[in-house]
Amino acid sequence: HTRGISSIESFAQRRNWALGAILKPLLRKIAMKTYDYIGKRMPRVDSRAKVTGEARFTADLQLPRMLVGKILRSPCPHARILNIDTSKARCLPGVKAVITGQDTHGDKWGVFRYTLDQQFLPTEKVRYVGEEVAAVAAVDEETAQEALEHITVDYDVLPAVFDPMEAMAPGAPLIHEDFPQNINIHVPINVGDVEKGLAKAHLVREDTFMASEESYFQGEPYAVVASFDLDGNLEIWMPNAGPHMKAKPLSNALRMPLNKVHVRKIAIGGAFGGRSEIAPGDFICALLAQKTRRPVKIVYTREENSIATRQGHATITTIKTGVDKTGRVLARDVTCYMDGGAYSSTGPIATSVPFLCMEQAYKMEHVRYNGYRIYTNKPIRGMIRVHGRG
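This one's a predicted model, so the numbers in the text were calculated from it and none came from an experiment.

Student: Before we move on, can you summarise the nonpolar core with the specific residues and values?
Tutor: The biggest cluster of nonpolar side chains holds 36 residues, and the ones touching the most others in it are Leu 234, Ile 236, Leu 250, Ile 284 and Leu 288. A total of 7 residues in this core trace back to one element, the largest contributor, which is helix α8 (residues 280–292). If we ignore the near neighbours within four places in the chain, the residues touching Ile 284 are Ile 71, Ile 99, Phe 120, Leu 121, Glu 132, Ala 135 and Ile 298. If you look at the next biggest cluster of nonpolar residues, it comprises 19 residues, including Leu 92, Val 126, Leu 148 and Ile 151.

Student: Describe in detail empty space enclosed by the protein, supporting the description with residues and values.
Tutor: Scanning the entire structure with this criterion turns up 4 cavities of 30 Å³ or more. Estimated volume of the largest cavity: approximately 70 Å³. Lining the largest cavity, in full, are Thr 104, His 105, Gly 106, Asp 107, Gln 119, Phe 120, Leu 121, Ala 253 and Phe 283. Here the lining of the largest cavity is composed, by residue class, of 4 nonpolar, 4 polar and 1 charged. A volume near 60 Å³ is recorded for the second largest cavity.

Student: Tell me what's going on with the packing of helix α7 (residues 243–254) against α8, and back it up with residues and numbers.
Tutor: For the pair α7 and α8, the least separation of the axes is 10 Å and the interaxial angle reads 50°. With respect to α8, the axis of α7 lies oblique. The interaxial crossing formed by α7 with α8 has right-handed handedness. For the pair α7 and α8, contact is made by Lys 246, Leu 250, Ala 253 and Leu 254 and by Asp 282, Phe 283, Ala 286, Leu 287 and Gln 290, respectively. Here the residues of the contact of α7 with α8 sort into 6 nonpolar, 1 polar and 2 charged.

Student: Please set out helix α4 (residues 141–149) residue by residue, giving values where relevant.
Tutor: Turning to α4, its buried residues are Thr 143, Ala 144, Ala 147 and Leu 148. Burial along α4 is one-sided: seen end-on, the buried residues are contained in an arc of 140°. Set apart from the buried face of α4 by more than 90 degrees, the exposed residues are Glu 142 and Glu 149. Check the buried side of α4 and you find it contacts β1 (67–73), α3 (87–91), β3 (95–100) and β5 (132–138). A distance of 3.4 Å separates the backbone nitrogen of Glu 142 from a side-chain oxygen at the start of α4, and that oxygen is part of Asp 140.

Student: Which residues make up the side chain of Thr 86, and what values do they have?
Tutor: With respect to the helices and strands, the residue Thr 86 is situated in the loop between β2 (79–85) and α3. A distance of 2.8 Å separates a polar atom in the side chain of Thr 86 from a polar atom in the side chain of Arg 90.

Student: Could you give an account of the sheet that holds β1, with specific residues and numbers?
Tutor: Taken in spatial order, the 7 strands line up as β3-β5-β1-β13-β10-β11-β12 in an open sheet, and their pairing is mixed. Only two strands of the sheet have a single partner each, and these edge strands are β3 and β12 (261–264). With strand direction ignored, the average angle separating the axes of adjacent strands in the sheet is 20°. Bridging between β3 and β5 involves 5 bridges; their strand directions are antiparallel. Considered in β5, the bridge of Thr 100 is made with Ala 134.

About the thresholds
Residues numbered from 1 in each chain as written. Predicted model: local features only at pLDDT ≥ 70, side-chain atom pairs only at ≥ 80, totals over all residues. Heavy atoms only, no water. Core = buried A, V, L, I, M, F, W, Y, C linked by side-chain atoms within 4.5 Å. Buried < 20%, exposed > 50% of the residue type's maximum accessible area, 1.4 Å probe, protein only. Helix = DSSP H or I, 4+ residues; strand = E, 2+ residues; numbered from the N terminus. Contact = heavy atoms within 4.5 Å. 1 Å grid on protein atoms, 1.4 Å probe; cavity = no way out; pocket = protein on both sides within 12 Å on 5 of 7 lines; lining within 4 Å. Points joined across faces, edges and corners; volume = space filled by probe spheres on them. Nonpolar A, V, L, I, M, F, W, Y, C, P; charged D, E, K, R; others polar. Axes fitted to C-alpha atoms, helices over the stretch in contact; angles between N-to-C directions. Parallel < 35°, antiparallel > 145°, perpendicular 65-115°, else oblique. Left-handed = near helix turned anticlockwise from the far one by under 90°. Arc of directions from axis to C-beta. Polar contact = N/O pair within 3.5 Å; in protein donor to acceptor, adjacent residues only side chain to side chain. Pairing = 2+ DSSP bridges.

All we've got here are geometric facts, nothing functional implied.
If you want it as structure tokens, here you go:
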């Protein structure tokens, strides 16, 4: 009886092997015919253009009668703007437009309504070295650069703070008067009972991790080209990871109908989260084009690209973890301080992401997270891959 069962099992195994040998190649052929992408090589659609040099980036664009735009930046980390004299720059031959915050509607931008804190051209204060103060459009780069040298700005220098923990301390200079202790955003998340979970833990460990701020440093320096047609439609090119995230803020800042703002997608040399939202250079280039009724191109220098574009947050994170005897995480208490720089940008979203990354990696019944984004007199921090790195 036992020998008979063994024979049947042996036959079944041989039969399954034989069927597998026949069916697997057949199924593979069917799959290859059925699916357009699975199991097939998928080359990038832009690879050939980039390898051959045919791909056009924003700085490569050339439009008829195009002017060169340049931006005057603050040498002060924190100061009130007392006066800006642009009279000499306006008189320089070849200069077609000079703009300051007084040429704007004075509106503030922010990802959320409660974080409207940034003027693309400030009218009252500068809050970091490199912040945009004025801009010119001229017939060539040399003339535009000379025009910047003819603009005089009077500053009342204010105390500055560069460390997030010092910025929260009593008596620290307020970077934005409406935000006590320079706390831009606080994200509290509390699930379960952390104290109860830690009390049940076999081992409790507390660690503090620090991560430095970092520049995205894309291969392509930031560049913008803007042009208006005779019907008042704006056509604008810049490195971007989401055209609609640029179009809406531009329409608001320029007070134009949204259907008249056309953000064009173009090849970009890196993003990493730093080119997701509107940048002051986008607005400034568009305003210069609107004033001159001619196309305008602004190309950042490598220095400008390092100090005047979005950067990654520096973080100070304390994590208290309780585990059972098997090492399973029972409870975790996380406090994260993020150096947000001078303005909100996408920082309120970024403040939540460290919790999401941690919560998705572990299954925990008891978890508490307090994320604080702090204003400092540094360039603006925004979204970047791997938030909460330690």
